[in-house]
Amino acid sequence: MKVNIRLPAVAITLLGLGLTQTTDESIRQIAIIGAGAAGSSAAHFLQKFATEAGVHVNVTLFEKTDRIGGRTRTINPFDDPAQRVEQGASIFVQANSILNDAMSEFELAPRVPDDDADPVMGIWDGDRFAFTLDQSAPSWWNTLKIVWQYGVTAPQRAQQLTTATITKFLNLYEPPFFPFPSLTQRVQELELVEVTGVTGEEYLDANNVGAHYSHDLIQASTRVNYASNLANLHGLTTMVSLAAEGAIAVEGGNWQIFHEMAQRSGVLIALDTAVVGIEKTSGGASGRTQYTVQTTPGSTPGDPTTHPTTFDNIIMANPYQFSGISVGDGVLETPIEQITYVQLHVTIFTSPSRFSPLFFDLPESEKVPGMVLTTLAHDDTPTSGADGAGKAGFFSLSILGKATNPQTQQKEYVYKIFSPEVVTPEFLSRLLGSTVPSDFTGADSPITWYTPHVFNSYPKATPRVTFQDPIVGSGVYYTSGMESFISTMETNALMGKNVARLIVDEMMQGIATVKSRDGLAWEDKQAILG
Ligand SMILES: Cc1cc2nc3c(=O)[nH]c(=O)nc-3n(C[C@H](O)[C@H](O)[C@H](O)COP(=O)(O)OP(=O)(O)OC[C@H]3O[C@@H](n4cnc5c(N)ncnc54)[C@H](O)[C@@H]3O)c2cc1C
Ligand SMILES: *[C@@H]1O[C@H](CO)[C@@H](O)[C@H](O)[C@H]1NC(C)=O
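All of the points below concern the structure found in this document. Predicted model, so just to flag it, every value in this text is computed and none were measured.

Section: the pattern of salt bridges
Then step 1. Enumeration over the complete set of coordinates arrives at 13 salt bridges.
Then step 2. Salt-bridge contacts for Arg264 lead to Glu260; the nearest nitrogen and oxygen are separated by 2.8 Å. Of this pair, Arg264 and Glu260 both sit in helix H12 (residues 255-264), four residues apart, which is roughly one turn of the helix.
Then step 3. Owing to a relative accessible area of 19%, Glu260 belongs among the buried residues under this scheme.
Then step 4. In this structure, Arg501 engages Asp505 in a salt bridge whose closest nitrogen and oxygen atoms are separated by 2.9 Å. Here Arg501 and its partner Asp505 are both found in helix H14 (residues 489-518), four residues apart, which amounts to about one turn of the helix.
Then step 5. In this structure Asp505 comes out as partly exposed when scored by relative accessible area, which is 27%.

Here's the deal with the site of ligand 2
Then step 1. As a matter of local geometry, ligand 2 sits amid Ile27, Gln29, Asn58, Thr60, His307 and Thr309.
Then step 2. Between an oxygen atom of ligand 2 and a side-chain N or O atom of Gln29, the distance comes to 2.8 Å.
Then step 3. Take Thr309: an N or O atom from its side chain is 2.9 Å from an oxygen atom of ligand 2.
Then step 4. Surface burial for ligand 2 is 61%, taken as the share of its 370 Å² of free accessible area covered by protein chains.
Then step 5. In the shell around ligand 2, the residues fall into one nonpolar, five polar and no charged.

Quick word on empty space enclosed by the protein
Then step 1. This model, assessed by the stated rule, comprises one cavity of 30 Å³ or more.
Then step 2. Around the largest cavity, the lining residues are Glu337, Ile339, Arg464, Gln468, Tyr478, Ser480, Gly481 and Ser484.
Then step 3. Looking at the lining of the largest cavity residue by residue, the class counts come to two nonpolar, four polar and two charged.

What about the side chain of Arg28?
Then step 1. Of note, Arg28 is situated in strand S1 (residues 28-33).
Then step 2. With relative accessibility at 7%, the residue Arg28 sits in the buried group.
Then step 3. Those residues within four positions of Arg28 in sequence are excluded, and the remaining contacts are His56, Val57, Asn58, Arg288, Asp312, Asn313, Ile503, Glu506 and Met507.

Let's talk about the pairing of strand S5 (residues 120-124)
Along a regular strand, successive side chains alternate from one face of the sheet to the other.
Then step 1. For S5, the buried fraction is high: four of the five residues fall into the buried class.
Then step 2. Bridge count for S5 against strand S6 (residues 129-134) is five bridges, and the pairing is antiparallel. Each bridged residue has a counterpart across the sheet, and for Val120 the counterpart in S6 is Asp134.
Then step 3. Counting the residues that bridge the hairpin from S5 to S6 gives four residues, and of these Gly126 lies at a positive phi of roughly 95°.
Then step 4. In this structure, S5 lies alongside strand S14 (residues 371-374), joined through four bridges in parallel fashion. Bridge pairing in S14 places Trp124 opposite Thr374.

With respect to the packing of helix H6 (residues 153-170) against helix H11 (residues 235-242)
Each pair of packed helices gets described by two things: the angle between the helix axes and the distance between those axes.
Then step 1. At a closest axis distance of 9 Å, the pairing of H6 and H11 adopts a crossing angle of 110°. Considering the angle they form, H6 stands roughly perpendicular to H11. Residues Ala158, Leu161, Thr162 and Thr165 of H6 touch H11, and the partners they reach there are Leu236, Met239 and Leu242.
Then step 2. Taken together, the residues of the contact of H6 with H11 sort by class into five nonpolar, two polar and no charged.

Some words on the sheet that holds strand S15 (residues 396-404)
Then step 1. Read from one edge of the open sheet, seven strands run S6-S5-S14-S15-S16-S13-S17, paired in mixed fashion. In this open sheet, the two edge strands, each paired with only one partner strand, are S6 and strand S17 (449-459). The average undirected angle you get between the axes of adjacent strands in this sheet is 20°.
Then step 2. Strand direction decides the pairing type here: strand S13 (residues 341-351) and strand S16 (residues 411-419), joined by seven bridges, are antiparallel. The residue of S16 that forms the bridge with Ile348 is Lys416.
Then step 3. Packed onto the sheet, helix H13 (residues 425-432) meets S13, S15, S16 and S17 and runs at close to 130° relative to S16.

Conventions and cut-offs
- Residues numbered from 1 in each chain as written.
- Chains lettered and ligands numbered in written order.
- Predicted model: local features only at pLDDT ≥ 70, side-chain atom pairs only at ≥ 80, totals over all residues.
- Heavy atoms only, no water.
- Salt bridge = Lys/Arg side-chain N within 4 Å of Asp/Glu carboxyl O.
- Helix = DSSP H or I, 4+ residues; strand = E, 2+ residues; numbered from the N terminus.
- Buried < 20%, exposed > 50% of the residue type's maximum accessible area, 1.4 Å probe, protein only.
- Near = heavy atom within 4 Å.
- Polar contact = N/O pair within 3.5 Å; in protein donor to acceptor, adjacent residues only side chain to side chain.
- Areas by Shrake-Rupley, 256 points an atom, 1.4 Å probe, with all protein chains shown as cover.
- Nonpolar A, V, L, I, M, F, W, Y, C, P; charged D, E, K, R; others polar.
- 1 Å grid on protein atoms, 1.4 Å probe; cavity = no way out; pocket = protein on both sides within 12 Å on 5 of 7 lines; lining within 4 Å.
- Points joined across faces, edges and corners; volume = space filled by probe spheres on them.
- Contact = heavy atoms within 4.5 Å.
- Pairing = 2+ DSSP bridges.
- Axes fitted to C-alpha atoms, helices over the stretch in contact; angles between N-to-C directions.
- Parallel < 35°, antiparallel > 145°, perpendicular 65-115°, else oblique.

Okay, structure coming up:
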């Protein structure tokens, strides 16, 4: 007989055993703290996996700010909502299947490349342009240009190495490597420890990628992607910086992926709610370890109140050291390591002016590349200048495209600067070749709209062979250990998915245990109930 009841699976099992449990006991209460890539992905996949498995979860997603997306966010040039640029994470790639699948599922359109984006890229070392490339030129010409300057083998080897490394990494998505209760263990099994345990410089050198090519082109990409020189970050992060083939972004903002993941999962979303404390409780009727969380409004922190729900699982989905959470005794069975993050200044502004050639010691008639990446000067060391930025003093300067100034109705350039220190009016005056006042946008300023922001952007990815594993307590999970391995939207979303799978698998195991103890097959129990 086919029974058509939709009681939670655990409730059925327990009923079958003749136990008197309330329905509520069968619902797994889960708190996710943080609605960035990791937390939103955890919500999305918890709901999906639980539905597939026929188990019931009740998920509450706590988010300190009033929006979903975390470090993925857009801002509006001229405060015009119709014009948007990425302030945080800006691109992902074809191999990022979680993000790509979500985009298709949610029918989000890819962003069409801006015709106004400048096609010329130059690598500035603080003294001179070490290399320039016109991306609108025929590709054979550009290939020739690279070969002429760096030889054939270095770019080829770097490409092969990137492909091989990414292929190893992609194993994490499929059984038997997925899900992973220990990231450290998988990194060893997949032999990725050879890549994370050394610096980018050592890894490239050991694999005979020419030093000249590494110093200029590869270092330019580790600096723009991870604000770090090759000597200061590990090999895997270096390889990820090179895997930029087929870059994608979502029209209107990448945050929409996470917004849709969270919204459509139907979980309870508590915005403007900061979790400030987690306490272990004596456990419910089931004897399970449970937790209470204390919250306060994110915007106007006040006295913490205890959230009425007692949770079976806690997923901490943000870097712990910045979370402002204090945990009670016994919550963390494994301490969470303090990680040094890069403090990155992201400055976005509009101007009708282009970069001044004089800033780059070029003749006044010469056009400066619209995308300026950087590397170290010949007399720099990897730790020269602020945070290793060297003589250049910044990691990148680029024209993202154009936006319409509502006052003049003229199109102006939209600029983005990545730097280790706050950008000053003096620096901008030299860069644009005319005086920028101390308030940046006053009368006669070449700057018409200005928004600086500083992020704890990603870890300083120094070489390491162990990583913070996702299970940090009994039913307590942590996603940001992923960031010291690879910090991207996709990898953090993968960790959210991984934790969701671990929780649902553990719930199913619980049912299987009860079932086998009971000696009845699943179908028999359904028949009894029917
Ligand atoms: C400038 C910049 C450029 C980047 N470029 C790229 C790129 O091009 N491509 C790419 O893939 N990645 C890029 N990254 C990295 C990427 O943004 C991150 O790896 C990823 O977004 C992190 O996601 P997450 O969910 O782990 O953390 P977060 O995005 O930081 O989300 C954590 C969330 O938790 C919330 N929170 C924190 N504490 C609490 C609390 N106590 N209670 C409730 N909520 C809390 C926060 O408000 C936040 O919303 C970039 C990052 C930066 C800063
Ligand atoms: C689900 O969680 C919410 C909020 O934390 C709580 O108010 C609600 O009672 C829970 N629902 C069930 C059915 O357990």
